[in-house]
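So the chains spell out like this:
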Number of protein chains: 2
Amino acid sequence: MIELNHQGDGPLYEQIYRQLRAQILNQTLPAGTRLPSSRELAAQLQISRNTVNKAYSQLLVEGYLAAVRGSGYYVQQLPQTFAPARAPQRPGHSRRPAKPAPAVKYDLTNSSHTRNLFPKRAWRKFMLEALDTLDFEERISTLQSLEGEEVLRRPLLRYLRQIRGVHCDLDQLIITSGLQQSLDYLCQLVPATSGRVLMEEPGYPKARVIFEKNHRQVCPAALDDQGICLPAEATGYDFIYTTPSNQFPTGVMMSAARRRELLHFAAAKQAFILEDDYDSELRYYNRPVPALQSIDTLDRVVYLGTFSKILSPSLRMGYLILPKQLVAPFKETFKLYNSTVNLLNQYTVAKLLESGEYTKLVRRMNTTFKKRFEAFSAGFASFKRPLTLSQNLSGQYLLVEFSAAIDQEEMIARALAEGVRVYPTMEFWRDRAACPDNALFLGFSKIALVDIPDCIERLKRAWDD
Amino acid sequence: MIELNHQGDGPLYEQIYRQLRAQILNQTLPAGTRLPSSRELAAQLQISRNTVNKAYSQLLVEGYLAAVRGSGYYVQQLPQTFAPARAPQRPGHSRRPAKPAPAVKYDLTNSSHTRNLFPKRAWRKFMLEALDTLDFEERISTLQSLEGEEVLRRPLLRYLRQIRGVHCDLDQLIITSGLQQSLDYLCQLVPATSGRVLMEEPGYPKARVIFEKNHRQVCPAALDDQGICLPAEATGYDFIYTTPSNQFPTGVMMSAARRRELLHFAAAKQAFILEDDYDSELRYYNRPVPALQSIDTLDRVVYLGTFSKILSPSLRMGYLILPKQLVAPFKETFKLYNSTVNLLNQYTVAKLLESGEYTKLVRRMNTTFKKRFEAFSAGFASFKRPLTLSQNLSGQYLLVEFSAAIDQEEMIARALAEGVRVYPTMEFWRDRAACPDNALFLGFSKIALVDIPDCIERLKRAWDD
């Protein structure tokens, strides 16, 4: 009835458990069968009684057996369809996710750096320090509340006041796992009244998708050389999502006058302005313009920032500054939520900020990206084909605008044939038909300076002949 | 008009910028005023012309000035209400978050370990290894897609097959920032049809709040000694949330027969079963019962797991296993989403699993918690006052049930007066009126073995005299 393999096949009690379980499931042992007592079976198999008891009690716990006091163990009634676990597949069998397209030498993406920009040495140093610090705190083994660690929020607040001119109290500053989570929290926090979100067109698709997932209607707002154009009609908005420091993806910076109009517009509409300040720390020719939040006297601006551009997108850390009026509702709404941001990483970034290492890093990144930006600008200046570049004063990308209409798909394919991946501007438009057919999107943060001439040569072969 | 302080107060160009900005805002310099040329102002202030130009170009960028070719810089028209940033407050002024209640010697919480259980040495070792590995991969500076790293998902899948008997392919396994995020994703993935969620009563409030935030109606299901009781009425459900291995908080383990009924019930209702297997790796007297997912032949079970119990709640990592039918919809729904789980941590946990260190850790935690569990059981056995403990076979908490009704608030207050924080069972009930008034909730994972006698003594003073 039971065969034991003393050479492996797992512990003996487990072999007994598995064989009995199988026999109950395939009804070799029908319901109601009385099993031999543990003493009998132990004798039969010439093993210790404990081993048998261990197997029996496991089957008991799982409901395959019932114990009747003074009588013994009985097989329970189980339905035919009660299927056992399938034999586990070999890992090899499991499907692998689709591989990326072949032979891309240069990927001009916007969501990635070159790996050598990750501050590995500083990260290791402060990570180990943080680990030592936390070793003396219960927090390392505790769930944290949603707003994030004061240890990080204090130096971050000092830093943001200094470089972005923001004015707020500590309880307005929340640490998140990045922009998408920040927006998701805000959609849960601010009830849908009009249910509408005014969003710059073109704009950031990864922001749009969060609004749509939260059942808000995204309404496009046109852009001019001063920034977002405010619609005349009297409809209300829950949110106005904007990128005033460096409009994504056109690179327009919102003028002082437009900023003020926007603040009053938002107040009139009872809307909250979501100021996505995604890469304003990168600034090549001027100090960053103070954040819109810094001139908001009407308590309407939510400031959104990220550590992705200076540290790494793989870090998954960002932050938001709430208007005062939303602090209490936030605490209430999320009182049963826990932060999704790893504690040790929060301590590590805190030490980067406290030590001044973060500021050094910002300077280093600015120098690096400015050089790359200028190398690309110079490269495109040498094109015979007439084209212009978006006038970004910051950021890690630019738009190439050809003076004549192009077929985006074809231009992208031709670049790819030369080993360079560039991106359509189409995806930034909610209304894709409205997308001008003469522009392409190029991120330059992933291309090392030494490679840029080769990259430009390839684009010339693709586009300029 | 402009006063420079050469002893600090920031760089000179910044002092000029700030003073001009202030004068424009308070209209000491009204709109239309022509500013002195940079040469004139430089001479006036006896500083370099570049310094002035730097200040002017900043004001130009921000829209406070306009440049008229061949004529000079003019103050732009700005509205009265255009307010400058307030002077930043000293950090000291900002409100600190509320401090916890005074003098708690022992906190019998369920969401925390003693800090000495965090595997600091192993974590440091594998974290540094992971950092070295990643140093050769572009991923360290890249945004990742939502499902998580294959590097982690492969060994995790092998581990789960082995200890939980789950059967699935790699693309069904998703890494998340913990249970709440897993549930949130599922609510976004599975459209509301009935809009109802069947949930064990009592149950886990931090799960309930996610369903409610996602506008699902939570319907309580009673419990008996076999687990969740399935309602007779014909209404449908989107989800059935359950904790079969160790019902939270009663400790009931779902019987084999009930598991099978549940699977067929779910299939009939077109509902997905959310199997929260939160602490099944902790098992004191038997091998963990195979997961419900392991006997699901109907593709209805979503398996939910976490690293909080074995590694740390502050790690913020968990995972879910989708039914095959939800894999494609998941990819589609979240194609514009990025994982919120730190990449380096995913690599570190992968190495913990690959090395076998994680399995050792599970054993160590089991030994530790079993001892603490038994010390508490023994302690309560010595109470004069008649009480029983929930028969948990796993987990990090227990329910104390007094044979007579008690005033939860008063018992909690009396324990607190002795320096011990215990928790009401009230919060686990959606319908608080239905909560039996004779039980209290005690987590034992935060109390070191040596402290348990003292902790028990305090509870005796509080409750037993």
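Residues numbered from 1 in each chain as written. Chains lettered and ligands numbered in written order. Predicted model: local features only at pLDDT ≥ 70, side-chain atom pairs only at ≥ 80, totals over all residues. Heavy atoms only, no water.

### As for the overall build of chain A
Logical step 1: The secondary structure content of chain A amounts to 13 helices and 17 strands.
Logical step 2: Since a compact globule built from 465 residues should have a radius of gyration of about 23 Å, the 31 Å found for chain A marks it as more spread out than a globular shape.
Logical step 3: Across its three principal axes, chain A shows a C-alpha extent of roughly 90 × 55 × 50 Å.
Logical step 4: The buried share of chain A, taken over its 465 residues, is 59%.
Logical step 5: Taking the contacts inside chain A whose residues are at least 6 apart along the sequence as the reference set, 74% of them involve residues at least 24 apart.
Logical step 6: Counting only carbon and sulfur atoms, one obtains 53% of the accessible surface of chain A, whose full area is about 18,400 Å². (Helix = DSSP H or I, 4+ residues; strand = E, 2+ residues; numbered from the N terminus. Rg over C-alpha atoms; globule rule 2.2 N^0.38 Å. Buried < 20%, exposed > 50% of the residue type's maximum accessible area, 1.4 Å probe, protein only. Contact = heavy atoms within 4.5 Å. Areas by Shrake-Rupley, 256 points an atom, 1.4 Å probe, with all protein chains shown as cover.)

### Quick notes on empty space enclosed by the protein
Unoccupied space between atoms shows up once a probe the size of one water molecule is rolled over them.
Logical step 1: Within the structure shown, the criterion is met by nine cavities of 30 Å³ or more.
Logical step 2: Here the largest cavity defines a volume of roughly 270 Å³.
Logical step 3: Broken down by secondary-structure element, the contributors of at least two residues to the lining of the largest cavity are α6 (179-189) of chain A together with α6 (179-189) of chain B.
Logical step 4: The residue makeup of the lining of the largest cavity, split by class, is six nonpolar, twelve polar and three charged. (1 Å grid on protein atoms, 1.4 Å probe; cavity = no way out; pocket = protein on both sides within 12 Å on 5 of 7 lines; lining within 4 Å. Points joined across faces, edges and corners; volume = space filled by probe spheres on them. Nonpolar A, V, L, I, M, F, W, Y, C, P; charged D, E, K, R; others polar.)

### Quick notes on the sheet that holds strand β10 (residues 272-276) of chain A
Residues and elements named next belong to chain A.
Logical step 1: Taken together, the seven strands give an open sheet; going across it, the order is β4-β12-β11-β10-β9-β5-β6, and neighbouring strands pair in mixed fashion. Edge positions in the open sheet fall to β4 (173-176) and β6 (217-221), since each of these has one partner strand only. Averaged over all adjacent pairs, the angle separating strand axes in this sheet is 20°, with direction ignored.
Logical step 2: Here β10 pairs with strand β11 (residues 301-306) via four bridges, running parallel. (Pairing = 2+ DSSP bridges. Axes fitted to C-alpha atoms, helices over the stretch in contact; angles between N-to-C directions.)

### With respect to the environment of Y185(A)
Residue and element names in this part refer to chain A.
Logical step 1: Assignment of secondary structure puts Y185 in helix α6.
Logical step 2: Separated by 145 residues in sequence, Y185 and F330 have C-alpha atoms that sit 8.8 Å apart.
Logical step 3: Contact partners of Y185, with chain neighbours within four places excluded, come to L146, T176, F334 and T340.

### Digging into the nonpolar core
Logical step 1: Ranked by internal contacts, the top residues of the largest apolar core, which has 142 residues, are F380(A), W463(A), F380(B), L459(B) and W463(B).
Logical step 2: Each residue touching L459(B), except ones within four places of it in the same chain, is listed here: L108(B), F380(B), F383(B), A415(B), V420(B), V422(B), L442(B) and D464(B).
Logical step 3: Of all hydrophobic cores here, the second largest spans 58 residues; its members include M199(B), F211(B), Y241(B) and L304(B). (Core = buried A, V, L, I, M, F, W, Y, C linked by side-chain atoms within 4.5 Å.)

### Notes on the interface of chain A and chain B
Logical step 1: Chain A puts 101 residues into the contact, and the matching count from chain B is 101 residues.
Logical step 2: Both sides of the chain A and chain B interface together cover about 9,200 Å² of buried area, and 53% of this is carbon and sulfur.
Logical step 3: If you sort the residues of chain A by the area they bury against chain B, R115(A), S141(A) and R287(A) come out on top, with a joint share of 8%.
Logical step 4: Applying the counting rule to chain A against chain B returns six salt bridges.
Logical step 5: The residue D132(B) makes a salt bridge to K120(A) at a minimum N-O spacing of 2.9 Å.
Logical step 6: At the surface where chain A touches chain B, the tally comes to 30 residue pairs in polar contact (both at pLDDT 80 or more).
Logical step 7: Of all the secondary structure elements, the ones that give two or more residues to the side of chain A that touches chain B are α1 (12-25), α3 (49-61), α4 (120-134), α5 (150-164), α6, α7 (205-213), α8 (256-269) and α10 (343-354) of chain A. (Buried area = accessible area lost by both parts, 1.4 Å probe. Salt bridge = Lys/Arg side-chain N within 4 Å of Asp/Glu carboxyl O. Polar contact = N/O pair within 3.5 Å; in protein donor to acceptor, adjacent residues only side chain to side chain.)

### Focus on the sheet that holds strand β12 (residues 318-321) of chain B
Residue and element names in this part refer to chain B.
Logical step 1: Spatial ordering of the open sheet is given by β4-β12-β11-β10-β9-β5-β6, a layout of seven strands whose pairing is mixed. Two strands close off the open sheet at either side, each with one partner strand: β4 (173-176) and β6 (217-221). The average undirected angle you get between the axes of adjacent strands in this sheet is 20°.
Logical step 2: Each of β4, β9 (239-242), β10 (272-276), β11 (301-306) and β12 is contacted by α6, which is oriented at about 155° to β11, the strand it contacts most.

### Some thoughts on the side chain of E149(B)
Residue and element names in this part refer to chain B.
Logical step 1: Along the polypeptide, E149 turns up in the loop between α4 (120-134) and α5 (150-164).
Logical step 2: Its relative accessible area of 4% is what places E149 among the buried residues.
Logical step 3: In this structure, E149 is in contact with R139, Q144, L343, Q346 and Y347, ignoring residues within four places of it in sequence.

### Observations regarding the side chain of Q181(A)
Logical step 1: As for its placement among the helices and strands, Q181(A) is situated in helix α6.
Logical step 2: A relative accessible area of 10% means that Q181(A) is categorised as buried.
Logical step 3: From its side chain, Q181(A) meets the backbone nitrogen of S177(A) in a polar contact 2.7 Å long.
Logical step 4: With residues up to four places along the chain from it excluded, the contact list for Q181(A) reads T176(A), T340(A) and Q181(B).

### Quick notes on the relation of the copies chain A and chain B
The second copy of the chain is related to the first by a rotation about an axis and a shift along the axis.
Logical step 1: Once chain A has been moved 0.0 Å along the axis and rotated by 180°, it coincides with chain B to within an RMSD of 0.2 Å. Interpreted geometrically, this transformation is the action of a two-fold axis.
Logical step 2: Here 100% of the contact residues of chain A are again contact residues in chain B; the copies associate through an equivalent surface. (Least-squares fit on C-alpha atoms with pLDDT ≥ 70 in both.)

### Description of the packing of aromatic side chains
Logical step 1: Overall, the coordinates contain 48 aromatic pairs over all chains when judged by the stated rule.
Logical step 2: Here the aromatic rings of Y185(B) and F334(B) are separated by 5.1 Å at their centres, their planes lie at 55°, and the arrangement is tilted. Here F334(B) lies in the loop between α9 (324-333) and α10 (343-354) and Y185(B) lies in helix α6, a separation of 149 residues in the sequence.
Logical step 3: For the ring pair F376(B) and F380(B), a centre distance of 6.4 Å and an interplane angle of 25° mean the geometry is stacked. Of the two residues, F376(B) and F380(B) both sit in helix α11 (residues 357-381), four residues apart, roughly one turn of that helix.
Logical step 4: Owing to a relative accessible area of 3%, F380(B) belongs among the buried residues under this scheme.
Logical step 5: Its end group placed over the ring of F272(A), R300(A) keeps NZ or CZ at 4.4 Å from the ring centre. (Phe/Tyr/Trp six-rings, centres within 6.5 Å; stacked < 30°, edge-to-face > 60°. Lys NZ or Arg CZ within 6 Å of the ring centre and 35° of its normal.)

### Re the confidence of the model for chain A
Logical step 1: Put simply, chain A has an average pLDDT of 88, and 94% of its residues get 70 or more.
Logical step 2: Scored below 50 in pLDDT, residues 80-102 of chain A makes 38 contacts in the model with residues more than four places away or belonging to other chains. (pLDDT = per-residue confidence, 0-100.)

### A word on unusual backbone geometry
Residues and elements named next belong to chain B.
Logical step 1: Note the cis peptide between E201 and P202, where omega equals 5°.
Logical step 2: Mapping P202 onto the fold places it in the loop between β5 (196-200) and α7 (205-213).
Logical step 3: For the peptide bond that leads from F248 to P249, omega is 5°, which places it in the cis range.
Logical step 4: Relative to the helices and strands, P249 is located in the loop between β9 and α8 (256-269).
Logical step 5: Notably, H215 is not glycine yet its phi reads approximately 60°, a positive angle.
Logical step 6: Mapping H215 onto the fold places it in the loop between α7 and β6.
Logical step 7: Backbone geometry at R316 places phi at a positive 60°, although glycine is not the residue there.
Logical step 8: Its location among the elements puts R316 in the loop between β11 and β12.

### Observations regarding the pairing of β11(B)
Residues and elements named next belong to chain B.
Logical step 1: Burial analysis of β11 places six of its six residues in the buried class, the great majority of the element.
Logical step 2: A two-sided burial pattern is seen for β11, the buried positions comprising V301, Y303 and G305 on one face and V302, L304 and T306 on the other.
Logical step 3: Judged from the four bridges that link them, β11 and β12 form a sheet pairing that is antiparallel. From the neighbouring strand, T306 faces β12, where its bridge partner is G318.

### Topic: the pattern of salt bridges
Any two side chains of opposite charge can pair if their charged atoms end up close together.
Residue and element names in this part refer to chain A.
Logical step 1: Enumeration according to the criterion identifies 46 salt bridges over all chains in this entry.
Logical step 2: Where D454 meets R458, a salt bridge forms, and the shortest distance between an N and an O atom there is 3.1 Å. Of this pair, D454 and R458 are both found in helix α13 (residues 452-463), four residues apart, which corresponds to roughly one turn of the helix.
Logical step 3: Take D454: its relative accessible area is 26%, and that puts it in the partly exposed class.
Logical step 4: Exposure remark for R458: the relative accessible area of 16% places this residue in the buried category.
Logical step 5: What emerges from the salt-bridge pattern is a single network uniting K105, D454 and R458.

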